Amino acid sequence: MNYSIITPIKNEEKYIEGTIVSVLNQTYLPDKWLIINDHSTDSSASIINNYIQEYDFIKQINAPTIELNELSARIAYLINYAFGKLSKNNGLILKLDGDVILSNNYCESIISNFDK
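Residues numbered from 1 in each chain as written. Predicted model: local features only at pLDDT ≥ 70, side-chain atom pairs only at ≥ 80, totals over all residues. Heavy atoms only, no water.

Asks: Now, about the pattern of salt bridges: what can you tell me, with residues and values included?
Replies: For the structure shown, the criterion picks out 2 salt bridges. The salt bridge partner of Arg74 is Asp38, with a shortest N-O separation of 2.7 Å. Linking Arg74 in helix α3 (residues 71-83) with Asp38 in the loop between β2 (32-37) and α2 (44-52), this pair joins segments that are 36 residues apart in sequence. Note on accessibility: Arg74 and Asp38 belong to one class, buried. (Salt bridge = Lys/Arg side-chain N within 4 Å of Asp/Glu carboxyl O. Helix = DSSP H or I, 4+ residues; strand = E, 2+ residues; numbered from the N terminus. Buried < 20%, exposed > 50% of the residue type's maximum accessible area, 1.4 Å probe, protein only.)

Given below as structure tokens:
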């Protein structure tokens, strides 16, 4: 079963590299990983771009201007925005925060449970 990841971020320079490395260390890599940059003012974009050059399944998308101030509403908007950019052939979609470290078999384990 294929899967994609959607990660909305804003100013995650302290954490995003750890998140990226944890995804790259998965026993089963995603088909696509969309990282939605919500106008970060730190070096988040630069860190992500270093990995995009080597891993073509990682894409960084700049978020459109959003007139929502409430954090949960912004995140929901960004997830839906990214979802619209994915092909319709996705098996599963993982919403992953930019400051989360996954165990190496996390995605494989989830997919295995869905396959059952």
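Asks: Account for the confidence of the model for the protein, with residues named and values stated.
Replies: The pLDDT averaged across the protein works out to 94; a share of 99% of its residues lies at or above 70. Model confidence for the protein, summarised as mean pLDDT per element, is weakest for helix α4 (residues 106-115) at 93 and strongest for helix α1 (residues 16-24) at 98. (pLDDT = per-residue confidence, 0-100.)

Asks: Which residues make up the layout of surface pockets, and what are the values?
Replies: The probe, sized like a water molecule, is rolled over the atoms to show the empty space still left. Each pocket or cavity is described by its volume, and for the largest pocket that value is around 220 Å³. As for the largest pocket, its lining consists of 13 residues, of which Pro8, Ile9, Lys10, Leu71 and Ile75 are closest to the centre. The element best represented in the lining of the largest pocket is α3, accounting for 4 residues. Of the residues that constitute the lining of the largest pocket, the class distribution is 5 nonpolar, 1 polar and 7 charged. (1 Å grid on protein atoms, 1.4 Å probe; cavity = no way out; pocket = protein on both sides within 12 Å on 5 of 7 lines; lining within 4 Å. Points joined across faces, edges and corners; volume = space filled by probe spheres on them. Nonpolar A, V, L, I, M, F, W, Y, C, P; charged D, E, K, R; others polar.)

Asks: Report on the pairing of β2, specifying residues and quantitative values.
Replies: Counting buried residues in β2 gives 5 out of 6 residues, a clear majority hidden from the surface. Summarising the sheet, strand β1 (residues 3-9) and β2 pair through 6 bridges and their orientation is parallel. Counted as the bridge partner of Ile6 is Leu34 from β2. Once the chain exits β1 it traverses α1 before rejoining the sheet at β2, and the crossover so formed is right-handed. Judged from the 5 bridges that link them, β2 and strand β3 (residues 58-62) form a sheet pairing that is parallel. Bridging across to β3, Trp33 finds its partner in Ile58. Since β2 and β3 lie parallel, the crossover through α2 that links them has a hand, and here it is right-handed. (Pairing = 2+ DSSP bridges. Right-handed = clockwise from strand over helix to strand, strands pointing away.)

Asks: Can you explain the environment of Thr19? Please cite residues and give values.
Replies: Positionally, Thr19 belongs in helix α1. Residue classification places Thr19 among the buried residues on the basis of a relative accessible area of 0%. Along the backbone, Thr19 and Leu96 are 77 residues apart, and their C-alpha atoms lie at a distance of 8.8 Å. Leaving out residues up to four positions away in the same chain, Thr19 has contacts with Trp33, Leu96, Asp97, Gly98, Asp99, Val100 and Ile101. (Contact = heavy atoms within 4.5 Å.)

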